[in-house]
Amino acid sequence: FTNWLFYTFIIRVRPLQPDGSGGLGALGRILWVSVIMLLWDALLLGASLLSSNLSLFSSLEEFLLGAIYVALIPSLFIGWLVLPHRVMVKAREVVLQPLATEFQYTLLQMSPSPNDDANAIKANTDRLLELKRRYDLVRDTFPTWPLEMQGLGRIAAVVILPTLLAILPQVV
């Protein structure tokens with residue numbers, strides 16, 4: 001569904017959007033809701049495994065809960081992080097391509113000859129420097145992830161911790 005969503009609609013990334021994600025900050029909230037739902041799945045599975053006296057679920061149901069949790073983790077990250085990342089990088093490349101082309105054109109045009117004066121060489125060099133500065137500014141301004149890296153670390157911790165807690169009693 002997410003793949004279809006990002007390839008069917010035109011996604012416009014706005015670099016200076018206050019959410020810091022180019023206008024795609026809502027994807028971070030959707031990701032958190034999905035992680036909370038996964039956490040509930042993990043809590044049910046963990047409670048079922050730890051309460052050996054209570055048979056909340058049959059072993060088949062426990063296995064299905066575990067399989068759902070393990071299958072949803074990669075699909076969650078691919079759907080709400082990797083696909084938007086690709087769209088955001090593509091949007092940045094569309095904006096950067098004319099600058100790269102202009103830089104290449106200017107570079108080819110300014111091959112110095114012995115007849116060039118210092119002012120012409122300096123003007124060409126200044127033009128290349130300004131094109132590079134503009135390229136770097138645009139590249140650094142465009143966000144490429146729908147979530148900040150601190151948020152990504154928190155989500156990874158929330159997703160991995162229940163898995164470790166479920167495996168730990170089996171290992172010990």
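What you are looking at is a predicted structure, and each value in this text was computed from that prediction instead of being measured. (Residues numbered from 1 in each chain as written. Predicted model: local features only at pLDDT ≥ 70, side-chain atom pairs only at ≥ 80, totals over all residues. Heavy atoms only, no water.)

**Examining the overall build of the protein chain**
Broken down by element type, the protein chain carries five helices and zero strands. Taken from the N to the C terminus, the helices and strands of the protein chain come in the order α-α-α-α-α. Taken over 172 residues, the protein chain has a buried fraction of 31%. The long-range fraction of contacts in the protein chain, counting pairs at least 24 apart against all pairs at least 6 apart in sequence, stands at 81%. As presented, the protein chain carries roughly 11700 Å² of accessible surface, and 66% of it is formed by carbon and sulfur atoms. (Helix = DSSP H or I, 4+ residues; strand = E, 2+ residues; numbered from the N terminus. Buried < 20%, exposed > 50% of the residue type's maximum accessible area, 1.4 Å probe, protein only. Contact = heavy atoms within 4.5 Å. Areas by Shrake-Rupley, 256 points an atom, 1.4 Å probe, with all protein chains shown as cover.)

**Focus on a nonpolar patch on the surface**
On the surface, Ile36, Trp40 and Leu43 cluster together into a nonpolar patch covering about 350 Å² of accessible area. Relative to the helices and strands, Trp40 is located in helix H2 (residues 25-50). (Patch = residues over 30% accessible without salt bridge, like charges linked within 9 Å, V, L, I, M, F, W, Y side chains within 5 Å. Salt bridge = Lys/Arg side-chain N within 4 Å of Asp/Glu carboxyl O.)

**Regarding the nonpolar core**
Grouped together as the largest cluster of nonpolar side chains are 26 residues, with contacts concentrated most on Leu31, Tyr69, Ile73, Leu76, Phe77, Ile155 and Val159. Contributing elements (two or more residues each) for this core: H2, helix H3 (59-109), helix H4 (118-141) and helix H5 (149-171). Excluding its chain neighbours within four sequence positions, the residues that come into contact with Val159 are Val35, Tyr69, Ile73 and Phe77. (Core = buried A, V, L, I, M, F, W, Y, C linked by side-chain atoms within 4.5 Å.)

**Remarks on the pattern of salt bridges**
Inspection of every chain in the model, using the stated rule, returns six salt bridges. With its nearest N and O atoms 2.9 Å apart, the salt bridge here joins Glu130 to Arg133. Of the two residues, Glu130 and Arg133 both sit in helix H4, three residues apart, roughly one turn of that helix. Judged by relative accessible area, which is 56%, Arg133 ranks as exposed. Two residues, Lys132 and Asp136, come together in a salt bridge whose shortest N-O distance is 2.8 Å. Within this pair, Lys132 and its partner Asp136 are both found in helix H4, separated by four residues, close to a single helical turn.

**Section: the environment of Gln17**
Among the secondary structure elements, Gln17 is positioned in the loop between helix H1 (2-8) and H2. Each C-alpha atom, one on Gln17 and one on Phe142, is 9.9 Å from the other, the two residues being 125 residues apart in sequence. Residues contacting Gln17, with those up to four places away along its chain left out, are Gly22 and Gly23.

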